Amino acid sequence: MLTIRTPATSANIGPGFDCLGLALAIYNTFTVEKSDTWERLGADERFPVADDLFLTAYRKGCGVIGECTPIHVRFDTSIPACSGLGSSASLICAGLAAAGALHGNALSRQDLLTLSTEMEGHPDNVAPCILGGLVASANGRGGLVSKNLPIDARWRFTVLMPDFEISTEEARRRLPPSYTREEAVQNAANAILVSHALSTGDLGLILSQGEDRFHEPYRKGLIADYERIRKILESSLDGRLFISGSGPTLLFVSQEEPKTRLIEQITKETVAYWRVKTVPVAAGMVVREES
Ligand code: HSE
């Protein structure tokens, strides 16, 4: 029997669109065992078995290995679906890891990174899901490169999770087909400087360079409370509000946790219901074999 635990992930962190992501301590756990039949238990039944990302990833991994055993899998999930916290990445990474672990550890970490990025289409959730911490990735002509970056211990990461969903496909359809050179240069510069700020604890740098021009301006409109929450948080605390992945979860990066009074103000003044939680940075996916 295998137990696989995957962390939530917050991708982009503003200007790091499709290349920067952070693992956070909210977890999905999957228990997997070899069987003669296929069975999926505990999953969100809105997602049919035929399209299940865990099982699709498992079969993809098996295809690469050249051997496929049917499995029983039980989901125990805390990462909300379609929320911008990497729930699909969690299913994909766990499914591939299960395929590797049940067939003689046939997939390396680099295989998992490459195959999961192929399935997800971008590496910024799957890479921190697998590696943990803060990860920068490039998926170019030379293949996929993912590197952990240090995170200064002073940072606090607060997730604000609303009671509605947005699919990544829908949020990606909002984006323009191309950007100007000025936008590209500014985003590249800010992505480097935001990474530097996260690594060194430079609060001023995150406040001044957190601006993104690739996705946030086009996605804010999908989150009715966005401007209200930004004003409440940024006027009370030194920190920067980002859209987590493709939203609707928001990520507030600061060095002081929002206090209860501020959280109550958000609850009172917003249209949606928002759950607010300061979450530690997480290590990467853990695969354990139990007898
Ligand atoms: N980088 C991706 C996007 C993350 O913003 O569309 C999706 O979670």
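In this numbering scheme, every chain counts its residues from 1 along its sequence in written order. Local features in this predicted model are restricted to residues of pLDDT 70 or higher, and side-chain atom pairs are both shown and tallied only at a pLDDT of 80 or more, whereas totals for entire chains, interfaces and linings draw on every residue. The side-chain figures draw on all heavy atoms in the structure; neither hydrogens nor water molecules are used.

J.: In this structure, what is going on with the site of the ligand? I would like to understand it.
T.: The environment of the ligand is formed by Ala11, Asn12, Phe17, Asp18, His122, Asp124, Asn125, Thr168, Arg172, Arg219, Gly245 and Ser246. Pairs of N or O atoms are called polar contacts if they sit within 3.5 Å, as long as, within protein, a hydrogen donor faces a hydrogen acceptor (for residues adjacent in sequence, only side-chain-to-side-chain pairs). With respect to the ligand, the side chain of Asn12 contributes an N or O atom lying 2.8 Å from an oxygen atom. Note that an oxygen atom of the ligand is positioned 2.6 Å from one of the side-chain N or O atoms of Arg172. Note on areas: Shrake-Rupley with a 1.4 Å probe; residue coverage comes only from the protein chains shown. If the ligand stood free it would expose 260 Å²; the protein chains cover 97% of that surface. Residue composition of the shell around the ligand, by class: two nonpolar, six polar and four charged. Domain limits in this description derive from either an automatic procedure or a database domain assignment. Domain assignment of the residues forming the shell around the ligand places at least three in each of domain 1 (2–149 + 281–289) and domain 2 (156–278). When at least one non-hydrogen atom of a residue lies within 4 Å of a molecule or strand, that residue is treated as near it. Residues are grouped as follows: nonpolar covers Ala, Val, Leu, Ile, Met, Phe, Trp, Tyr, Cys and Pro; charged covers Asp, Glu, Lys and Arg; every other residue, Gly included, is treated as polar.

J.: How do you make sense of the domain arrangement of the protein when you look at a structure like this?
T.: For interface size, the figure often reported is the accessible area lost on association. In terms of domains, the protein is made up of domain 1 (2–149 + 281–289) and domain 2 (156–278). Using C-alpha coordinates to define each centre, domain 1 is positioned 24 Å away from domain 2. Any pair of residues with heavy atoms lying within 4.5 Å of one another is described as a contacting pair. In this assembly, 25 residues from domain 1 lie in contact with 33 residues from domain 2. When two parts are brought into contact, each loses some accessible area as probed by a 1.4 Å sphere; the total of that loss over both is the buried area. Carbon and sulfur atoms make up 64% of the surface buried where domain 1 meets domain 2, a total of about 2,100 Å² over both sides. One salt bridge connects Glu165 with Arg46, and the closest N-O pair in it is separated by 2.9 Å. Applying the counting criterion to the domain 1 and domain 2 interface returns eleven residue pairs in polar contact (both at pLDDT 80 or more). Strands are runs of DSSP state E lasting at least two residues, helices are runs of H or I lasting at least four, and both sets are numbered from the N terminus onward. Of all elements in the fold, only strand E1 (2–11) and strand E2 (20–34) reach the threshold of two or more residues within the side of domain 1 that touches domain 2. Per element, the largest residue contribution to the side of domain 1 that touches domain 2 is four residues, and it comes from E2. Every case where a carboxyl oxygen of Asp or Glu lies within 4 Å of a side-chain nitrogen of Lys or Arg is listed as a salt bridge.

J.: Help me understand the environment of Ser116 in this model?
T.: Locating Ser116 in the fold gives a position in helix H3 (residues 109–120). Each C-alpha atom of the pair Ser116 and Lys60 lies 9.6 Å from the other, and the pair is 56 residues apart in sequence. Ignoring anything within four residues of it in the chain, the contact list for Ser116 reads Ile92, Cys93, Leu96, Val126 and Ile130.

J.: When you look at helix H9 (residues 226–236) in this model, what are you seeing that I'm missing?
T.: Within an α-helix, residues lying three or four positions from one another point in the same direction, as the helix has 3.6 residues per turn. Type-normalised accessible area, obtained with a 1.4 Å probe on protein chains alone, sets the label of each residue: buried when under 20%, exposed when over 50%, and partly exposed for intermediate values. Of all the positions in H9, only Tyr226, Ile229, Ile232 and Leu233 are classed as buried. End-on view of H9: buried residues confined to an arc of 140°, all on one side of the axis. Away from its buried face, by an angle of more than 90 degrees, H9 presents the exposed residues Lys231 and Ser235. Elements in contact with the buried residues of H9: strand E7 (156–162), helix H8 (216–219), strand E8 (239–243), strand E9 (250–254), helix H10 (260–269) and strand E10 (274–278). Of all possible arcs, the one meant is that of the directions from the helix axis to the C-beta atoms.

J.: Got a minute to help me understand the sheet that holds E7 in this structure?
T.: Strand pairing in a sheet takes place through backbone hydrogen bonds and is either antiparallel or parallel in direction. For two strands to count as paired, DSSP must find a minimum of two bridges between them. Pairing in this open sheet of four strands is antiparallel, and the strands run E8-E9-E7-E10 from one edge to the other. In the strand order of this sheet, the two ends are held by E8 and E10, each with one partner. Taking the axes of each pair of neighbouring strands and ignoring which way they run, one obtains an average angle of 20° across the sheet. Sheet topology places E7 next to E10; five bridges connect them, and they run antiparallel. The partner of Val159 across the bridge, within E10, is Lys277. Between the N-to-C directions of two axes lies an angle of 0 to 180 degrees, each axis being a line fitted to C-alpha atoms and, for a helix, fitted only over the stretch in contact. Set on the sheet, H9 makes contact with E7, E8, E9 and E10; between it and E8 the angle comes to about 160°.

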